[in-house]
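Descriptive structure summary
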Amino acid sequence: MKFAFYPGCVSQGGAPELYPAAKLICQRLGIELEEIRAWTCCGAGVMQEKNTLFSDTLNARTFAKAEQLRLPIMTICSTCQGVMSQANKRMQNDPEYLAQINSHLAEEGLEYKGTAEVKHLLWILIENYGMDKLLEKVSRPLGGIRVAPFYGCYIVRPTEALDIEEHPERQTSLETLIATLGATVVDFSGKTRCCGFPILTINEKNSVAMVAKHTSDVKDLGADAMVTPCPLCHLNLDGYQPKAAAQAKRQIDLPILHLPQLIGLAMGISPAELGLKKHIISTAPLEVKLEAGSR
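To keep things clear, this report deals only with the structure shown in the data block. Counting from 1, residues in each chain are numbered in the order their sequence is written. Since the coordinates come from a predicted model, pLDDT governs what is reported: local features require at least 70, and pairs of side-chain atoms require 80 or more to be given and counted, while whole-chain, interface and lining totals use all residues. Only heavy atoms go into the side-chain values, all of them from the structure, while hydrogens and water stay out.

What follows deals with the environment of Glu-111. Examined against the element boundaries, Glu-111 turns out to sit in the loop between helix 5 (95-105) and strand 4 (118-120). Assessed through its relative accessible area of 47%, Glu-111 is described here as partly exposed. Counting along the chain gives 55 residues from Glu-111 to Glu-166, while the straight-line C-alpha distance between them is 28 Å. Any pair of residues with heavy atoms lying within 4.5 Å of one another is described as a contacting pair. Beyond its immediate sequence surroundings of up to four residues, Glu-111 is in contact with Ala-64, Glu-67 and Asn-102. Helix and strand labels come from DSSP, where a helix needs a run of H or I of at least four residues and a strand needs a run of E of at least two; each type is numbered from the N terminus. Summary of the burial criterion: residues with accessible area below 20% of their type's maximum are buried, those above 50% are exposed, and those between are partly exposed, where the area comes from a 1.4 Å probe applied to protein chains only.

Our next topic: the pattern of salt bridges. Salt bridge criterion: a side-chain nitrogen from Lys or Arg within 4 Å of a carboxyl oxygen from Asp or Glu. Taken as a whole and assessed by the stated rule, the structure comprises 14 salt bridges. In this structure, the salt-bridge partner of Asp-163 is Lys-89, at a minimum N-O distance of 2.9 Å. With Asp-163 in the loop between strand 5 (146-149) and helix 8 (173-180) and Lys-89 in helix 4 (residues 78-92), this residue pair connects regions lying 74 residues apart in the sequence. Note on Asp-163: relative accessible area 25%, which makes it partly exposed. Between Lys-289 and Asp-224 there is a salt bridge whose closest N-O contact spans 3.0 Å. Highlighted residues: Lys-289 in helix 13 (residues 284-293) and Asp-224 in the loop between helix 9 (204-220) and strand 7 (225-228), separated in sequence by 65 residues. Owing to a relative accessible area of 35%, Lys-289 belongs among the partly exposed residues under this scheme. We classify Asp-224 as buried; its relative accessible area is 18%.

The next subject is the packing of aromatic side chains. Between the rings of Phe, Tyr and Trp (Trp by its six-membered ring), a pair exists once the centres lie within 6.5 Å; its type follows the angle of the planes, with under 30 degrees stacked, over 60 edge-to-face, and the other angles tilted. The final tally for this structure, using the stated rule, is four aromatic pairs. Two limits define a charge over a ring: the Lys NZ or Arg CZ must be within 6 Å of the ring centre, and within 35 degrees of the ring normal. The residue whose ring lies beneath Arg-170 is Trp-123, and the NZ or CZ to ring-centre distance is 3.7 Å.

Now for unusual backbone geometry. Across the junction of Arg-157 and Pro-158, the peptide omega takes the value -5°, indicating a cis bond. Position of Pro-158 among the secondary structure elements: in the loop between strand 5 and helix 8. Phi at Ala-44 is positive, roughly 55°, even though this residue is not glycine. If you trace the backbone, Ala-44 turns up in the loop between strand 2 (32-35) and helix 2 (46-50). Look at Ala-44 and you get partly exposed, because its relative accessible area is 31%.

Two elements, strand 1 (residues 2-6) and strand 2, share four bridges in a ladder whose sense is parallel. Paired with Lys-2 across the bridge in strand 2 is Glu-32. Assignment of crossover handedness uses the view with strands pointing away from the viewer, where a clockwise path from the first strand over the helix to the second indicates a right-handed crossover. A crossover connection joins strand 1 to the parallel strand 2 through helix 1 (residues 18-29); in handedness this β-α-β unit is right-handed. In this analysis, strands are considered paired if DSSP registers two or more bridges between them.

So yeah, pure geometry; function would need other evidence.
Below is the structure:
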């Protein structure tokens, strides 16, 4: 099983612990990755609102490079998944638009033929790898800990761009994965809502209030941690949680895990190797509970 790896900006910038954790678990799972050379930012939603043609051209450039590798694309960011899926649909559904984009790519000697497939690691594990096979790799089941799923926006909507109708299992993929790893799922209504990151720079108070709402809700439900497939959600839910707690005038202290980190813990990989020490909210209480449960 081999994929053209598109890591995205945040996994090598704001959340640098994600990139090595993702590569490590893929190596342990036998998922071969060939990183796309000279990839560019997907635009993170902001760019497509300002200049859709420019944003789609950047993504078509990445798609064309993946076509040259003759491999489907794997991303580890929900925002990248959503933005790239929307761009791909626009180009695949409009040959004239694709031709216009290719006229710009021609300056670099590239052409996108419209055959790219973009899949988040989460979907790959559910749909391609399989939970039975993943379970075989679990050496330290996460029994005894309670984990809340947080999808965020871009991996669940718009449904037509993400092929949700054809793949309804994507709507419960996080819960399926958490349960397969042995943890108890803590379900809550905010799991598919915005984390607040998109409005952080224009309305920090409301953005931080959203962080407080999500993290407080699952903390009150008895969750030991929250897991997200989106590093932008992680930046807000982890990085701004102290400010959220102060604004809400309450203690929260809820560890926020990247998807590969949760998987890695269940595979027996050490917290240090997975970069848990780089988080803002300490994962130490979670690690202690995991250690106690494995005895």
